[in-house]
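Each chain, letter by letter, is given below.
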Amino acid sequence: MPEDIKSMTLEELTEEIERLGEKRFVAKQIFSWLHDKRVSSFDEMTDISKDLRRKLKNFFKIYDCTIEKKLCSVYDDTVKYLYRLHDGELIESVVMQYKYGYTICVSSQVGCKMGCKFCASGIAGFVRNLTASEILSQVYKSAADLGIRISHVVMMGVGEPLDNFDNVMRFLRLVTDEKGMNLSMRNISLSTCGVVSGINRLKEKKLQLTLSVSLHAPNDEIRSRTMPVNNKWGIDELLRACKSYAKATSRRISFEYAMIDGVNDSDECAKELACRLAGMLCHVNLIPVNSVKERDYKRSSDKRMKSFIAILEKKGITATVRRTLGSDINASCGQLRRGQTAVEREV
Ligand code: SAH
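In what follows, the accompanying structure is described. All values reported here derive from a predicted model rather than from experimental measurement.

## Some thoughts on the site of the ligand
Point 1. Neighbouring the ligand are 16 residues, the closest being F118, S191, S214, H216 and N290.
Point 2. Interatomic distance of 2.6 Å between a side-chain N/O atom of S214 and an oxygen atom of the ligand.
Point 3. Considered class by class, the residues forming the shell around the ligand number 7 nonpolar, 7 polar and 2 charged.

## Details of the pattern of salt bridges
Point 1. This structure, assessed with the given rule, holds 22 salt bridges.
Point 2. Across the pair E12 and R170 runs a salt bridge whose closest N-O atoms are separated by 2.6 Å. On the criterion of sequence distance, the pair formed by E12 in helix α1 (residues 10-19) and R170 in helix α5 (residues 165-175) is long-range, its members being 158 residues apart.
Point 3. Judged by relative accessible area, which is 28%, E12 ranks as partly exposed.
Point 4. One network of salt bridges, in which partners are shared, links K6, D64 and K141.

## A closer look at the nonpolar core
The nonpolar side chains of a soluble globular protein tend to be buried with one another.
Point 1. I30, F171, L172, F255 and L277 are the most contacted members of the largest nonpolar core, which has 105 residues in total.
Point 2. With residues near it in sequence (within four places) discarded, L172 still touches M155, M185, I188, L190, L207 and L209.

## A short note on the packing of aromatic side chains
Point 1. This structure, assessed with the given rule, holds 4 aromatic pairs.
Point 2. Note on Y98 and Y100: the rings are 5.2 Å apart at their centroids and 10° apart in plane angle, and the pair reads as stacked.
Point 3. Taking relative accessible area as the criterion, Y100 reaches 52% and is therefore assigned exposed.
Point 4. Between Y257 and F308, the ring centres sit 5.1 Å apart and the planes meet at 40°, which makes this aromatic pair tilted.

## Let's talk about the side chain of S108
Point 1. Counting through the fold element by element, S108 comes out in the loop between β6 (101-105) and β7 (109-111).
Point 2. Beyond its immediate chain neighbours, meaning those up to four positions away, S108 contacts N129, L130, I135, M155, V158, G159, E160, P161, N164 and V168.

## Some points on the sheet that holds strand β14 (residues 319-321)
Point 1. The strand order across the open sheet formed by 10 strands is β3-β4-β5-β6-β9-β10-β11-β12-β13-β14, and the pairing between neighbours is mixed. Each edge of the open sheet is held by one strand with a lone partner, namely β3 (66-72) and β14. Within the sheet, the average angular offset between the axes of one strand and its neighbour, ignoring direction, is 25°.
Point 2. One ladder, built from 5 bridges, connects strand β5 (residues 90-98) with β6; its direction is antiparallel. The residue bridging Y98 from the neighbouring strand is G101, located in β6.
Point 3. Along the sheet face, helix α8 (residues 235-249) touches β11 (210-214) and β12 (253-259) and points at about 145° away from the line of β12.

## What to know about the layout of surface pockets
Space left empty within the atom packing is revealed by a probe, the size of a water molecule, rolled over the atoms.
Point 1. If you add up the space inside the second largest pocket, you get close to 180 Å³.
Point 2. Residue lining of the second largest pocket: 13 residues in total, with R38, D64, Y140, K141 and A144 positioned closest to the centre.
Point 3. Ranked by residue count, the leading element in the lining of the second largest pocket is helix α4 (residues 132-146), at 5 residues.
Point 4. Here the residues of the lining of the second largest pocket sort into 6 nonpolar, 2 polar and 5 charged.
Point 5. Here the lining of the second largest pocket spans two domains, and each of domain 1 (3-61) and domain 2 (66-329) adds at least three residues to it.

The rules we used
- Residues numbered from 1 in each chain as written.
- Predicted model: local features only at pLDDT ≥ 70, side-chain atom pairs only at ≥ 80, totals over all residues.
- Heavy atoms only, no water.
- Near = heavy atom within 4 Å.
- Polar contact = N/O pair within 3.5 Å; in protein donor to acceptor, adjacent residues only side chain to side chain.
- Nonpolar A, V, L, I, M, F, W, Y, C, P; charged D, E, K, R; others polar.
- Salt bridge = Lys/Arg side-chain N within 4 Å of Asp/Glu carboxyl O.
- Helix = DSSP H or I, 4+ residues; strand = E, 2+ residues; numbered from the N terminus.
- Buried < 20%, exposed > 50% of the residue type's maximum accessible area, 1.4 Å probe, protein only.
- Core = buried A, V, L, I, M, F, W, Y, C linked by side-chain atoms within 4.5 Å.
- Contact = heavy atoms within 4.5 Å.
- Phe/Tyr/Trp six-rings, centres within 6.5 Å; stacked < 30°, edge-to-face > 60°.
- Pairing = 2+ DSSP bridges.
- Axes fitted to C-alpha atoms, helices over the stretch in contact; angles between N-to-C directions.
- 1 Å grid on protein atoms, 1.4 Å probe; cavity = no way out; pocket = protein on both sides within 12 Å on 5 of 7 lines; lining within 4 Å.
- Points joined across faces, edges and corners; volume = space filled by probe spheres on them.
- Domains from an automatic or database assignment.

The following block contains the structure:
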């Protein structure tokens, strides 16, 4: 297998280039072609000698993805991409426009092992991890296709990022490299379903990104019903890890809470949640659950959500309801890979 050159850090690339008998600065030129100008072939690297380009082709490959499908919302400017990878696998990314700039939601795995009951991502099981370059390609390709500058990344697409820890760390390093996209780490969010071992590892890295934790329930009984990961790490252990993370990084944790009618949305649930989170540097993001064809969960009513938020706020926990974007293109987790979008059905 030729080496995946777009997943290499500048230091690694420099070592490889020196091994080929070239000067160190050549590695910088190649890195800039890959991550700043974002070319997809060695022949486009016009300031690299033809001889070296030939050598590079022997040792390395620039893995790219191609647009299999592109859906544009008619309600807002949300665009959803289905990308095909070099081995034929399909992944999804979504670009959303906010006041502060364009945000891309990227996938970190093909499929997912976590099996959350309300989520479409894992219905067909887990296939494989994405490499750093495959996560990067989603950002580069979408920005180029739309002719925009993407300023924010959320790792909230298909997959569990902390279950693909090393590739995700490599992606974070590359996407924030000042010689590449140069994104600010503060503009990146990483969402986990609660992989405590991964939260502890991430804590050691002391990154300035925002950690989102998909909590979705105030107690083990409800959480275990919808999220199998809770059987491995229960809520107490998860929240202990979150507190320690917030303390070590001084970063506010964002808790995701999908409101599911009759499951986790009662006033009692709100009170219990407020008690659990009391005193923690955090924010709660309520998301009306998106219905997934294979599952019969329904979203809570607006009235229920207002009541839930009011209880949290009264107890001093800041909370917001997440705006729904791209609802006509089924822009949420795993729905495009499953091939059941409203737009497709209509045409
Ligand atoms: N594996 C990570 C990131 C991917 S999911 C995680 O679990 O956090 C991104 C977010 O979407 C998670 O909070 C997830 O629980 C939520 N989600 C999944 N399916 C959903 C649905 N049908 N409606 C609302 N939110 C959903």
